[in-house]
Amino acid sequence: MAQLNATPPNLPLAPDDYERRYQDQLNNVLRLFFSQLSNPGPVGATTLNLDLAFLPTEADLPNLRLGDVYRDTQDGVQENSQMLRIKTST
């Protein structure tokens with residue numbers, strides 16, 4: 001997942017004549033920016049939409065990784081319940 005909140009860099013101002021140092025600096029700034037866009041990192045979000053029909057349930061708990069979200073259907077909770085839990089231990 002790319003960093004969606006990567007801010008565009010401030011590009012260095014170009015000199016009137018060609019300078020290798022300017023080109024190197026520009027390339028480094030752009031390389032860093034594209035690296036931020038293509039590498040996984042933290043993502044900030046204000047909303048999250050999930051389709052409950054596709055979430056695993058506690059029956060799938062042994063196959064889930066730590067941090068995975070699942071739908072709790074135990075203790076008489078209805079199938080269309082929105083009680084979500086996060087796997088926190090093995």
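To keep things clear, this report deals only with the structure shown in the data block. (Residues numbered from 1 in each chain as written. Predicted model: local features only at pLDDT ≥ 70, side-chain atom pairs only at ≥ 80, totals over all residues. Heavy atoms only, no water.)

### A look at the overall build of the protein chain
So, step 1. Counting secondary structure elements, the protein chain contains one helix and two strands.
So, step 2. Secondary structure elements of the protein chain occur, N-terminal to C-terminal, as α-β-β.
So, step 3. For the protein chain, long-range pairs separated by at least 24 residues make up 36% of all intrachain contacts whose partners lie at least 6 apart in sequence. (Helix = DSSP H or I, 4+ residues; strand = E, 2+ residues; numbered from the N terminus. Contact = heavy atoms within 4.5 Å.)

### Some details on helix H1 (residues 20-38)
So, step 1. Helix length check: H1 (19 residues) gives 27 Å between terminal C-alpha atoms against 27 Å at 1.5 Å per residue, within 8%.
So, step 2. Among the residues of H1, those classed as buried are Tyr22, Leu26 and Phe33. Projected down its long axis, H1 shows its buried positions confined to an angular sector of 35°, all on one face. Residues of H1 that are exposed and angled more than 90 degrees away from the buried face: Arg20, Arg21, Arg31, Leu32 and Ser38. (Expected span 1.5 Å × (residues − 1). Buried < 20%, exposed > 50% of the residue type's maximum accessible area, 1.4 Å probe, protein only. Arc of directions from axis to C-beta.)

### Things to note about the pattern of salt bridges
So, step 1. A full pass over the atoms with the stated rule returns four salt bridges.
So, step 2. A salt bridge links Arg21 to Glu19, with the nearest nitrogen and oxygen atoms 3.9 Å apart.
So, step 3. Residue class for Glu19 comes out partly exposed when judged on its relative accessible area of 34%.
So, step 4. Taking the shortest distance from any N to any O, the salt bridge between Arg85 and Asp72 comes out at 2.6 Å. Of this pair, Arg85 sits in strand E2 (residues 84-86) while Asp72 sits in the loop between strand E1 (69-71) and E2; the two residues are 13 residues apart in sequence, bridging distant segments of the chain.
So, step 5. Judged by its relative accessible area of 37%, Arg85 is partly exposed. (Salt bridge = Lys/Arg side-chain N within 4 Å of Asp/Glu carboxyl O.)

### Side note on the side chain of Lys87
So, step 1. Relative to the elements of secondary structure, Lys87 occurs in the segment after E2.
So, step 2. The charged side chain of Lys87 is buried without a salt bridge, its nearest counter-charge being Asp68 at 7.2 Å.
So, step 3. Separated by 2.9 Å, the side chain of Lys87 and the backbone oxygen of Leu61 make a polar contact.
So, step 4. Reaching out from Lys87, the side chain makes a polar contact with the backbone oxygen of Leu64 at a distance of 2.8 Å. (Lys, Arg positive; Asp, Glu negative; His and termini not counted. Polar contact = N/O pair within 3.5 Å; in protein donor to acceptor, adjacent residues only side chain to side chain.)

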